[in-house]
Amino acid sequence: MGSLIAYARVSTAEQSVDLQTDELRAAGCVKVFTEQVCGAVDRRPELDRALEQLRAGDTLVVWRLDRLGRSLRHLIGTVTGLDAQGVGFRSLRESIDTTTSGGRLVFHLFGALAQFEREVIRDRTVAGLASARARGRVGGRPPKLTVDQVRTARRLYEERELTVAEIGGVLGVSRTSIYRALHRYLAGAAGGGGGQRRRRTATAAAPAAAAGAGS
């Protein structure tokens, strides 16, 4: 029988990981890797360490599903990868155990739901763009993404349910165009904040300069 290796996570320093670790150890986990990091962050060193410890026959255990996955798609991808290595997965709160036939069935259903969700997002976005074109523009690919399209691309990118290539397919542009548009959007947001700070500084300095001139 393999080992039970656990991963626990909290999002902020104010939260305590004790509740998770207590339940994980009570479930028989021999090692518990813990970290404080937001779930949306890509890089999680302690999760990487836990995954490196796993061997065929072992089981990765979490307190709750959202402690592991950034999104449903990421969760399913991680568990599918574990299964390919002969590693099981358990979530205590949801009573899911992929080492059992019932647990495997649940994850097959999750996979189907994730695919359905991606298709709904894609169809909704395509329908919205078609409606916008019908109201204002007919035919032909635009030379660049409109402001609304950039906002749509940013929202889809942050939801992490579609790849960049899939977002490009939805909007009718290349993956490179999506990356370029997101880069310009972020650079513009950063520049706008700096401009505001410079304007506030200049405004505050103006009365002082006027007073100096009058003395």
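Note that this is a predicted model, so its numbers are computed, not measured. (Residues numbered from 1 in each chain as written. Predicted model: local features only at pLDDT ≥ 70, side-chain atom pairs only at ≥ 80, totals over all residues. Heavy atoms only, no water.)

A. Seen up close, the sheet that holds strand β2 (residues 31-36). Taking strand neighbours across the sheet as the criterion, the five strands line up as β2-β1-β3-β4-β5 in an open arrangement whose pairing is mixed. Of all the strands in the sheet, just β2 and β5 (96-97) have a single pairing partner and so form its edges. Of the strand pairs in this sheet, strand β4 (residues 88-91) and β5 are connected by two bridges, and their pairing is antiparallel. When the sheet's bridge partners are listed, R90 is paired in β5 with D97. This element, helix α2 (residues 45-53), spans β1 (4-10), β2 and β3 (59-62) of the sheet and lies at about 160° to β2. (Pairing = 2+ DSSP bridges. Helix = DSSP H or I, 4+ residues; strand = E, 2+ residues; numbered from the N terminus. Contact = heavy atoms within 4.5 Å. Axes fitted to C-alpha atoms, helices over the stretch in contact; angles between N-to-C directions.)

B. Expanded view of unusual backbone geometry. For S95, which is not glycine, the phi torsion reads 55° and is therefore positive. When you line up the elements, S95 lands in the loop between β4 and β5.

C. Region of interest: the nonpolar core. Residues Y7, L60, L68, L75, F89 and F107 are the most contacted members of the largest nonpolar core, which totals 19 residues. Of all the elements in the fold, those that place two or more residues in this core are β1, α2, β3 and α3 (72-84). The residues contacting F89, other than those within four sequence positions of it, are T59, L60, V62, L65, L68, L75, V79, I96, D97, T98 and F107. Judged by nonpolar contacts, the second largest core, of 15 residues, contains I121, A153, V173 and L182. (Core = buried A, V, L, I, M, F, W, Y, C linked by side-chain atoms within 4.5 Å. Buried < 20%, exposed > 50% of the residue type's maximum accessible area, 1.4 Å probe, protein only.)

D. Local environment of the pairing of β1. Buried residues dominate β1, accounting for seven of its seven residues. Alternating residues of β1 divide into L4, A6, A8 and V10 and I5, Y7 and R9, and every residue in both groups is buried. Bridge count for β1 against β3 is four bridges, and the pairing is parallel. Bridging from a neighbouring strand, I5 pairs with L60 of β3. In the sheet, β1 pairs with β2 via six bridges, with the strands oriented parallel. Residue A8 lies in a different strand from β2, and its bridge partner there is T34. What joins β1 to β2 is helix α1 (residues 18-26), and the crossover it makes is right-handed. (Right-handed = clockwise from strand over helix to strand, strands pointing away.)

E. Representation of the confidence of the model for the protein chain. Here the protein chain shows a mean pLDDT of 78. Residues at 70 or above account for 78%. Residue range residues 138-143 is modelled with pLDDT below 50. Its contacts to residues more than four positions away, or to other chains, number five contacts. Across residues 194-215, confidence stays below pLDDT 50; counting only partners more than four residues off in sequence or on other chains, it has one contact. (pLDDT = per-residue confidence, 0-100.)

F. Highlighting the pairing of β4. Examined bridge by bridge, β3 and β4 share four bridges and lie parallel to one another. Bridge assignment links T59 to a residue of β4, and that residue is G88. Between β4 and the antiparallel strand that follows it, β5, lie four residues; S95 among them carries a positive phi value of about 55°.

G. Broad picture of the pattern of salt bridges. What the rule picks out here adds up to five salt bridges. Here E23 makes a salt bridge to R93, at a shortest N to O gap of 2.9 Å. Within this pair, whereas E23 is found in helix α1, its partner R93 is found in the loop between β4 and β5, the two being separated by 70 residues in sequence. On the basis of relative accessibility, which here comes to 44%, the residue R93 falls in the partly exposed class. Each of the salt bridges in this network shares a partner with another, and the network as a whole consists of R64, D66 and R67. (Salt bridge = Lys/Arg side-chain N within 4 Å of Asp/Glu carboxyl O.)

H. Seen up close, helix α6 (residues 164-171). Considered for burial, the residues of α6 that qualify are V164, I167, G168, V170 and L171. Considered in projection along α6, the buried side chains sweep an arc of 160° and stay on one side of the axis. At the exit of α6 stands G172, carrying a positive phi of roughly 80°. (Arc of directions from axis to C-beta.)

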